[in-house]
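Here are the chains, one letter per residue:
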Number of protein chains: 2
Amino acid sequence: MIRALAFDVFGTVVDWRASVIRELTEFGRRNGATADWPRFADDWRAGYVPAMNRVRNGELPWTRLDDLHRGRLVELLDEAGITVGNTEIDELNRAWHRLDPWPDAVAGLTRLKQRFVITTLSNGNVSLLTNMAKRAGLPWDCVLSAELFGHYKPDREVYLGCAEILDVAPGELMLVAAHPSDLRAARAAGLATAYVHRPLEQGPDRPPQRPDDSEFDVTADDFRDLADQLGV
Amino acid sequence: MIRALAFDVFGTVVDWRASVIRELTEFGRRNGATADWPRFADDWRAGYVPAMNRVRNGELPWTRLDDLHRGRLVELLDEAGITVGNTEIDELNRAWHRLDPWPDAVAGLTRLKQRFVITTLSNGNVSLLTNMAKRAGLPWDCVLSAELFGHYKPDREVYLGCAEILDVAPGELMLVAAHPSDLRAARAAGLATAYVHRPLEQGPDRPPQRPDDSEFDVTADDFRDLADQLGV
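In the nomenclature of an unreviewed UniProt entry, chain A corresponds to Haloacid dehalogenase from the organism Mycolicibacterium vaccae ATCC 25954.

See below:
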């Protein structure tokens, strides 16, 4: 019996790519800067895994995602020859706090919340996730993050820590994510799994491969379909 | 400038005493047990500070409030000569997850949320606070707890940890509480403070003394008055 749903956020709940491109475009307009903003967004996001790995292998102490994002942003602005002040960099870095939800997300979460405890389970820090939810109207019951466990996903401490803090057994907790690697790690820790297909996450030209329907406990087209399949 | 409000919960947001008496009365009816339930509720609550102090002085390892509550409950049932099974004890112990808000709480929080990040900052564990909010409709932006910091209030780690995780300066965070001791500890850690008067917290016969209006940054009659005074 599932009692709680933990949601991956970037890509699963919010459309990070279109939102960051929008923020970069506005930044460019404000500062008279031009660049290939879609590519800039992709490069910014691509810096995320190697930066987390520097934390994971002990090269960096625990670092919140906001600070990992900022480090990569400074490099990318430098490479693009764009010079702005620290206040403007901080403001742009908070683009990740202002991501728009996929069109089905708020309605789907609102339905799912009637039956289950719904929480974030993201590598984003608590303040990022809290600010995002406030702006986007995401109706979380609570905001849980890798930051609380001192480990980034896919470390098993995050999945097990989430179950423990919610006071449910791992098998009573379902991870909802658009990324098979996240789901596989959750399953290895004993969680139930729901894959949600987000064909536009990487932009229109890079659709993800949809896993076989048998691989995860649920495979859904979006959060409305997930609510239907979970009988809400 | 205040950016976030952190709320003490037991007594400040919810009427623990009337709710626990209601739960005990229902428990008595279900199990054919009688006792002085108001006094039982007061004794149960009174066990909370000495139990936390056993954690604070290292006699006990970190223990979530649910487990501190349960330990005292077992003692009190024993003293009252009431014998029930573990399932019934667990169910009764979760009375603390089912506390009713003061009549102004949901409306006041909903107003305050328009302007500020609003979070719990309670000695209750995250699952207790999450279940309570879900049942009572408390519109928190996030659920923070002593559990996340491994310290109980009034240890300063809790107040400073709350500011850090919200990514605000201590002076940008205001503790809202009905208890001067909690507010004094928050102030010593650099937080702003708002006292809310809850004359019925300890029952009709034990009204708390209202502190002088000059002691805290704000002194309010309830959450609506707090919203008025904060200009929301």
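1. Some details on the interface of chain A and chain B
Opposite the 20 residues of chain A that make contact, chain B presents 20 residues. Arg64(B) serves as the salt-bridge partner of Asp167(A), at 3.4 Å between the closest nitrogen and oxygen. The interface formed by chain A and chain B holds 10 residue pairs in polar contact (both at pLDDT 80 or more) in total. For the side of chain A that touches chain B, the element with the most residues is helix α7 (residues 126-136) of chain A, which contributes 5 residues.

2. Some words on the relation of the copies chain A and chain B
Placing chain A over chain B gives an RMSD of 0.0 Å and needs a rotation angle of 180 degrees, together with 0.0 Å of translation along the axis. Taken together, the rotation and translation describe the operation of a two-fold axis. Considering only C-alpha atoms, the part of chain A nearest the rotation axis is Cys142(A), at 2.7 Å. Here 100% of the contact residues of chain A are again contact residues in chain B; the copies associate through an equivalent surface.

3. With respect to the pairing of strand β2 (residues 117-122) of chain A
Residue and element names in this part refer to chain A. In terms of burial, β2 is a largely internal element, 6 of the 6 residues being buried. Side chains Val 117, Thr 119 and Leu 121 project from β2 onto one buried face, and the interleaved Ile 118, Thr 120 and Ser 122 project onto a second face that is buried too. Where strand β1 (residues 4-7) lies against β2, 4 bridges are found, and the strand directions are parallel. For Leu 5, the partnering residue across the bridge sits in β2 and is Ile 118. Crossover handedness for the path β2 to α7 to strand β3 (residues 142-145): right-handed.

4. A few points about the pairing of strand β5 (residues 192-196) of chain A
All names here are of chain A. With respect to burial, β5 is a largely interior element, 5 of its 5 residues being buried. The alternating pattern of β5 places Ala 192, Ala 194 and Val 196 on one face and Thr 193 and Tyr 195 on the opposite face, and all of these are buried. The handedness of the strand β4 (residues 173-177) to β5 crossover, carried by helix α10 (residues 180-188), is right-handed. Two elements, β5 and strand β6 (residues 218-220), share 3 bridges in a ladder whose sense is parallel. Across the sheet, the residue bridging to Val 196 is Ala 220, located in β6.

The rules behind each value
- Residues numbered from 1 in each chain as written.
- Chains lettered and ligands numbered in written order.
- Predicted model: local features only at pLDDT ≥ 70, side-chain atom pairs only at ≥ 80, totals over all residues.
- Heavy atoms only, no water.
- Contact = heavy atoms within 4.5 Å.
- Salt bridge = Lys/Arg side-chain N within 4 Å of Asp/Glu carboxyl O.
- Polar contact = N/O pair within 3.5 Å; in protein donor to acceptor, adjacent residues only side chain to side chain.
- Helix = DSSP H or I, 4+ residues; strand = E, 2+ residues; numbered from the N terminus.
- Least-squares fit on C-alpha atoms with pLDDT ≥ 70 in both.
- Buried < 20%, exposed > 50% of the residue type's maximum accessible area, 1.4 Å probe, protein only.
- Pairing = 2+ DSSP bridges.
- Right-handed = clockwise from strand over helix to strand, strands pointing away.

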